[in-house]
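# Observations on the model geometry
Listed below are the residues making up each chain.
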Amino acid sequence: MADEPANTVLYDVSEGLATITINRPDAMNAMNTAAKVALRDSLRDAAADPAVRAVLLTATGRAFCVGQDLKEHVATLAATRESGGGNALSTVREHYNPIVRAITGMAKPVVAGVNGVAAGAGFGFALAADYRVVADTASFNTSFAGVALTADSGVSWTLPRLIGPSRAADLLFFPRSISAQDALELGLVNRVVPAAELAERAAAVARTLADGPTVAYAALKESMAYGAGHTLAQALEKEDELQTRAGASQDHVIAVEAFLAKETPVYLGK
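Residues numbered from 1 in each chain as written. Predicted model: local features only at pLDDT ≥ 70, side-chain atom pairs only at ≥ 80, totals over all residues. Heavy atoms only, no water.

### As for the domain arrangement of the protein chain
Filter applied, for reference: Bear in mind that the domain bounds are from an automatic or database domain assignment. Only heavy atoms matter for contacts: two residues are in contact if any of them lie within 4.5 Å across the pair. By buried area we mean how much accessible surface two parts lose on assembly, using a 1.4 Å probe and totalling the loss over both. Here a salt bridge means any side-chain nitrogen of Lys or Arg lying within 4 Å of a carboxyl oxygen belonging to Asp or Glu. For the purposes of these results, a polar contact is taken to be a pair of N or O atoms within 3.5 Å, where, inside protein, one atom must be able to donate a hydrogen and its partner to accept one; residues adjacent in sequence count only when each atom of the pair is a side-chain atom. Labels follow the DSSP assignment, with helices taken as runs of H or I lasting at least four residues and strands as runs of E lasting at least two, numbered in each case from the N terminus. Polar here means any residue other than Ala, Val, Leu, Ile, Met, Phe, Trp, Tyr, Cys and Pro, which are nonpolar, and Asp, Glu, Lys and Arg, which are charged; Gly is therefore polar.
The domain boundaries assigned to the protein chain delineate domain 1 (3-209) and domain 2 (212-259). With 13 residues of domain 1 in contact, the opposing surface of domain 2 contributes six residues. Roughly 740 Å² of surface becomes buried between domain 1 and domain 2 when both sides are summed, with 50% attributable to carbon and sulfur atoms. A per-residue breakdown of the area domain 1 buries against domain 2 is headed by R53, A107 and L209, which together make up 48% of the total. Measuring nitrogen to oxygen at the nearest pair gives 3.0 Å for the salt bridge that ties D130 to K221. Here domain 1 is connected to domain 2 by eight residue pairs in polar contact (both at pLDDT 80 or more). Residue assignment for the side of domain 1 that touches domain 2 shows that the elements contributing at least two residues are α3 (91-105), α5 (155-163) and α8 (198-210). Residue composition of the side of domain 1 that touches domain 2, by class: seven nonpolar, two polar and four charged.

### Things to note about the pattern of salt bridges
Scanning all chains against the criterion turns up ten salt bridges. Of the charged contacts, one joins R245 and E222 as a salt bridge, the two residues approaching to 3.1 Å between their closest N and O atoms. Of the two residues, R245 is situated in helix α10 (residues 232-247) and E222 in helix α9 (residues 214-227); the sequence distance between them amounts to 23 residues. One salt-bridge network, in which partners are shared between bridges, spans E222, K238, E241 and R245.

Pasting the structure below:
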């Protein structure tokens, strides 16, 4: 595209908060290969950086992310047919899976600031985040069946767990636009805010988390993910393990001392 931005994903770290911004506004932030690689690598950088204590994932323009760039995908399909080999959908393994693993697996909270439509893989990225702050003009769409594909980007795992298997099947088999308010009522998002306030409000949530007890947040993420696939007895054992870890953190001591002194704790993130 003639107006393709030089940086398909923007990355900024300020006072413990990494802001990762998908930046292909003229393509409604559809994911071409360059954007997928940049998003994957930015998330990995944030996960590995000890100075980063929380992540805000958002986008420029009027869309959050509409998923796969279908123009590039059509060209890949044609090249695959001509060569008689390869896999046009290898991007799931190479890009989408690592992106979702980076979001869900990092030991720090991730906030999705959803500024517009989130569809397909973009929907998956939003669902993978720990917390979703959404503009009142935003919308969601599973999209996959609409182009004769199945779910990817973790949607087959996250969506049923958020809204139940019956509602998930309805949205997957009959893809359609879901308004921000409907998404809130379904339990897909945490907060809906006026569109003009989205950037400020999402950043405020992410900033609060960046200033919080990072070890405890990491343990909360791990415990919820673990509990989703294990028995109560196993979850109780995991809670014991993680509580021991959180209790040994400097932030726990800071929190208790601040509570006793009736002061606001200032966490170190360790």
